[in-house]
Each structure stands twice: as C-alpha cells, then as structure tokens.
Amino acid sequence: MRVVFMGAPAFAVSVLRRLVEDHWDVAAVYTQPDKPKNRGMKLTPTPVKEYAVTQGIPVYQPASCRDEAVLEELRAMEPDVIVVAAYGKLLPQALLDIPRTAIINVHSSILPQYRGAAPINWAVLNGDDETGVTIQYMAAELDAGDILLTRKTAIDPQEDASQLYARLAELGGEAASEALALLERGEAPRIPQVYGPQYQYASMLSREMSPLDWTKPAQVLVNQVRGLIPWPCASTDVAGVRWKVFRARVGDATGKAPGTILSADKDGISVACGDGRALVITELQAPGGKRMAAADYLRGHPVPLPGRS
C-alpha cells in the first residue's frame with residue numbers, strides 16, 4: 001500500500017519512524033517549509049524533514065496545499081493512504097479526495113474529547129487520569145472526522161505535558177501502523193463522532209494562562225504547572241522576582257491566607273492556597289537563570305518569610 005506522510009514536529013517523527021520500521025511503503029513526506037530560527041535566523045528544517053532525509057524519503061515543503069500545482073503533484077503519486085500527524089496546515093477538500101483508500105489523522109486525545117490545538121496540555125490541566133490517541137478519517141471540519149480506532153493510556157499524577165507528549169507520540173505511531181493494516185485488509189471501521197456539551201474544545205495556550213492564582217486549590221495549581229510545560233510555563237512573583245515554575249506538589253494543611261509563603265528550605269518553597277492546603281514548589285527558573293531545584297536556588301537567593309527579618 002502506497003503511503004504519503006504529512007507532519008512537522010517531533011510528535012510526527014515518532015509516527016513516521018514507526019511506519020518506516022514497520023516497512024510501510026512511504027513514498028513521500030510533506031512538511032512545513034524551513035523557517036528562520038534563533039538569533040542567527042538560520043533556516044532550519046522541521047524534525048520530520050530531518051528524519052525523512054536520513055531514510056532517503058523524498059520531501060516536499062509547499063507553502064500552501066491549496067495550490068493546484070501542489071495538488072497535481074500529489075495526485076501523480078497515486079497514494080492509497082495519506083497519514084497526517086501534526087502537519088499544522090488546514091487541508092482543502094481537493095486534497096482530502098486524492099488518496100484511493102483514505103486520508104487519516106493521528107490526534108492526541110480520545111475524540112470527541114479535546115478537539116483542537118492543545119489536547120495533551122488540556123488533559124493535564126484538567127487533571128484527567130486517562131487520555132490516548134485517536135486515528136480518525138479526515139474531514140473538512142477540524143478534528144470532526146469519523147473514528148477508525150482509539151488507544152488509551154493512563155496519565156501519571158506527576159507526569160507533565162512534555163512527558164505525556166513523548167509517550168503519546170509513540171502510541172500514535174503504533175496506532176497509525178495498526179490503522180494502515182486494517183485499511184489494507186478492508187477491515188477498518190468508521191465510527192461517527194457525537195459531540196455534546198460534556199466535551200471540551202482544546203483551545204490554544206497563551207501566556208495569560210501562566211500566573212498562579214493562589215486562591216485556587218493546590219491540586220489545580222499542580223495541574224497548571226504540569227499542563228503548561230514546556231510552554232508557556234506556570235509563573236509566580238515572589239519578592240519582586242518572577243519565577244517560572246516547573247514542578248510542584250500538594251503540601252500540608254494550613255490556615256494561612258492564600259499566597260502566604262509558609263517555608264523556604266531544602267524541601268522547596270511552600271505557599272498557602274485557597275483550599276487550605278499548601279503548594280510546594282520544588283523546581284523553578286528565575287529570570288536569566290537555568291531550570292533548577294528550588295533548594296539549589298534558595299542557597300544563593302534566600303526568600304524572606306512573613307514576620308521574619
């Protein structure tokens with residue numbers, strides 16, 4: 001079965017690698033154009049392009065998939081299936097109609113929950129104990145196509161969005177390869193999505209989501225810290241310094257007002273929250289500094305406690 005792959009970031013690399021390792025006939029890879037990056041603004045290829053080149057797979061980088069010349073080029077490849085994973089572009093109906101068998105998408109949630117741009121982050125932000133990947137038939141509307149198969153996995157209470165991203169990428173590769181096998185055998189189901197008010201849309205993240213609100217429950221703030229890694233990261237201002245917070249846990253009960261710093265020692269920085277519990281910050285990053293354990297930061301930057309000089 002002739003396969004064309006479309007994707008760009010590291011998540012998509014894991015999917016593409018699995019298809020290659022499982023010996024699917026990947027005839028071509030479509031990815032985003034090289035983009036200027038870092039201070040030197042050097043043109044940098046996507047992770048998918050970098051991997052495809054090592055495998056000798058032809059790479060195409062159109063600025064738009066609506067260009068008729070691009071569509072004709074793809075039609076000439078005569079793909080049986082197109083596999084899409086985090087490609088980052090809306091695909092026109094003319095492209096969806098090209099493959100003989102199907103065009104499928106690897107989506108990192110259990111659809112219909114968390115349609116949208118940031119499904120992994122929102123599963124963590126909401127404190128879910130389970131998520132997964134869905135292989136869906138692509139439709140013109142975003143993430144609205146019928147479901148081919150779903151694979152689930154538990155979320156560890158201490159797992160952050162970056163760690164979950166890596167695990168779901170591997171699971172997505174397994175699921176995509178399994179989906180291709182089902183399509184090849186003519187055994188792939190089509191399960192319509194039923195989207196109701198109980199399902200949440202996974203909107204894009206923003207810097208406005210970063211500040212920790214100490215009036216909220218401690219566990220909610222732990223989930224905020226976990227869910228906003230690697231970007232935009234949770235943040236808080238202490239003694240005039242804004243920290244990025246990378247790891248935290250729920251601490252002991254307290255009767256102090258929300259936002260009160262309770263302790264700052266080898267165990268971390270403990271702050272009172274709105275539910276009568278403390279949040280213990282155990283890993284942080286100060287402006288211009290490196291990500292480090294809170295205990296290490298405190299050795300050079302003691303934090304004043306209320307009522308103490």
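The text that follows walks through the structure, step by step, so that each part is easy to find. Just so it is clear, the model here is predicted, and its values are computed rather than measured.

Topic: the overall build of the chain
Along the chain, the regular secondary structure elements total 8 helices and 17 strands. A burial count over the chain gives 48% of its 309 residues as buried. A separation of at least 24 residues holds for 64% of the contacts in the chain among residues at least 6 apart in sequence. Total accessible area on the chain is roughly 14,900 Å²; 51% of this is exposed by carbon and sulfur atoms.

Let's talk about the packing of helix 1 (residues 10-21) against helix 6 (residues 161-185)
Relative to each other, helix 1 and helix 6 sit at 35°, their axes nearing to 8 Å. For helix 1 against helix 6, the interelement crossing comes out right-handed. Touching Ala10, Phe11, Ser14, Val15, Arg18 and Leu19 of helix 1 are Tyr165, Leu168, Ala169, Glu170, Gly172, Gly173, Glu174, Ala176, Ser177 and Leu180, all from helix 6. For the contact of helix 1 with helix 6, the class distribution of residues is 9 nonpolar, 4 polar and 3 charged.

Structural notes on helix 6
The terminal C-alpha atoms of helix 6 lie 35 Å apart, and with 25 residues this matches the ideal 36 Å at 1.5 Å per residue to within 8%. A side-chain oxygen of the first residue of helix 6 lies 3.0 Å from the backbone nitrogen of Ser162; this N-cap is Asp160. The first or second residue beyond helix 6 is Gly186, which carries a positive phi of 70°.

Quick notes on the nonpolar core
Residues Phe5, Val83, Ile104, Ile135, Leu148 and Leu180 are the most contacted members of the largest nonpolar core, which totals 48 residues. No other element matches the 11 residues that helix 6 contributes to this core. Setting aside chain neighbours within four positions, we find Phe5 in contact with Ala12, Val15, Leu16, Leu19, Val26, Ala28, Val29, Tyr30, Val48, Val83 and Ala85. Of all hydrophobic cores here, the second largest spans 24 residues; its members include Val245, Ala248, Tyr297 and Leu298.

Structural notes on the packing of aromatic side chains
Summed over all chains, the structure comprises 4 aromatic pairs. Between Tyr30 and Tyr60 the ring centres are 5.1 Å apart and the planes differ by 15°, which places this aromatic pair in the stacked class. With Tyr30 in strand 2 (residues 25-30) and Tyr60 in strand 5 (residues 59-60), this residue pair connects regions lying 30 residues apart in the sequence. Given a relative accessible area of 25%, Tyr60 falls into the partly exposed group. Geometrically, the ring pair formed by Tyr195 and Tyr199 is tilted, given 6.0 Å between the ring centres and 35° between the ring planes. By relative accessible area, which is 35% here, Tyr195 ends up partly exposed. On the accessibility criterion, Tyr199 (27% relative accessible area) is partly exposed. The ring of Tyr137 carries the charged tip of Arg190 above its face, separated from the ring centre by 3.8 Å.

Looking at the side chain of Glu283
Relative to the helices and strands, Glu283 resides in strand 16 (residues 277-285). Setting aside its immediate chain neighbours within four residues, Glu283 contacts Lys244, Val245, Phe246, Arg247, Arg291, Met292, Ala293 and Ala294.

Structural notes on the environment of His23
Tracing the chain through its elements places His23 in the loop between helix 1 and strand 2. When the C-alpha atoms of His23 and Leu182 are compared, they prove to be 15 Å apart, with 159 residues separating the residues in sequence.

Some points on the pattern of salt bridges
Summed over the entire model, instances satisfying the criterion amount to 18 salt bridges. Of the charged contacts in the structure, one is a salt bridge between Asp160 and Arg247, with a shortest N-O distance of 3.5 Å. You can see Asp160 sitting in the loop between strand 10 (147-154) and helix 6 and its partner Arg247 sitting in strand 13 (residues 241-253), a full 87 residues away along the chain. Classification of Asp160 as buried rests on a relative accessible area of 4%. We classify Arg247 as partly exposed; its relative accessible area is 22%. The residue Asp296 makes a salt bridge to Arg299 at a minimum N-O spacing of 2.0 Å. Of the two residues, Asp296 and Arg299 both sit in helix 8 (residues 294-300), 3 residues apart, roughly one turn of that helix. Assessed through its relative accessible area of 38%, Asp296 is described here as partly exposed.

Basis of the calculations
- Per chain, the residues get numbers from 1 upward, laid out in the order the sequence is written.
- Only residues with pLDDT of at least 70 get local features here, since the model is predicted, and only at 80 or more are side-chain atom pairs given and counted; chain-wide, interface and lining totals rely on the full set of residues.
- To get the side-chain values, take all heavy atoms of the structure and skip hydrogens and water.
- Strands are runs of DSSP state E lasting at least 2 residues, helices are runs of H or I lasting at least 4, and numbering of each runs from the N terminus.
- Exposure categories follow from relative accessible area, calculated using a 1.4 Å probe and restricted to protein chains: below 20% of the type maximum is buried, above 50% is exposed, and the middle band is partly exposed.
- Here, residues are in contact when the closest pair of their heavy atoms is within 4.5 Å.
- Residue-level accessible areas treat just the shown protein chains as cover; the underlying method is Shrake-Rupley with a 1.4 Å probe.
- Lines fitted to the C-alpha atoms define the axes, with helices restricted to the stretch that makes contact. Angles between their N-to-C directions range from 0 to 180 degrees.
- Put simply, a crossing is left-handed when the front helix is turned counterclockwise from the back one by less than a right angle, and right-handed when it is turned clockwise.
- Three classes are used, and their members are as follows: Ala, Val, Leu, Ile, Met, Phe, Trp, Tyr, Cys and Pro are nonpolar, Asp, Glu, Lys and Arg are charged, and the others, Gly among them, are polar.
- Take the residue count of a helix, subtract one, and multiply by 1.5 Å to get its expected span.
- In the analysis that follows, any N or O atom pair within 3.5 Å is treated as a polar contact, provided that within protein one partner can donate a hydrogen and the other can accept it, and provided that, for residues neighboring in sequence, both atoms belong to side chains.
- Grouping buried Ala, Val, Leu, Ile, Met, Phe, Trp, Tyr and Cys residues that are joined through side-chain atoms within 4.5 Å yields what is termed a nonpolar core.
- Ring pairs shown here join Phe, Tyr and Trp side chains whose ring centres sit within 6.5 Å, with only the six-membered ring taken for Trp; geometry is labelled stacked below 30 degrees between planes, edge-to-face above 60, and tilted in between.
- Lysine and arginine charges are scored as sitting over a ring when NZ or CZ, respectively, is within 6 Å of the ring centre and within 35 degrees of the ring normal.
- Each reported salt bridge corresponds to a side-chain nitrogen of Lys or Arg within 4 Å of a carboxyl oxygen of Asp or Glu.

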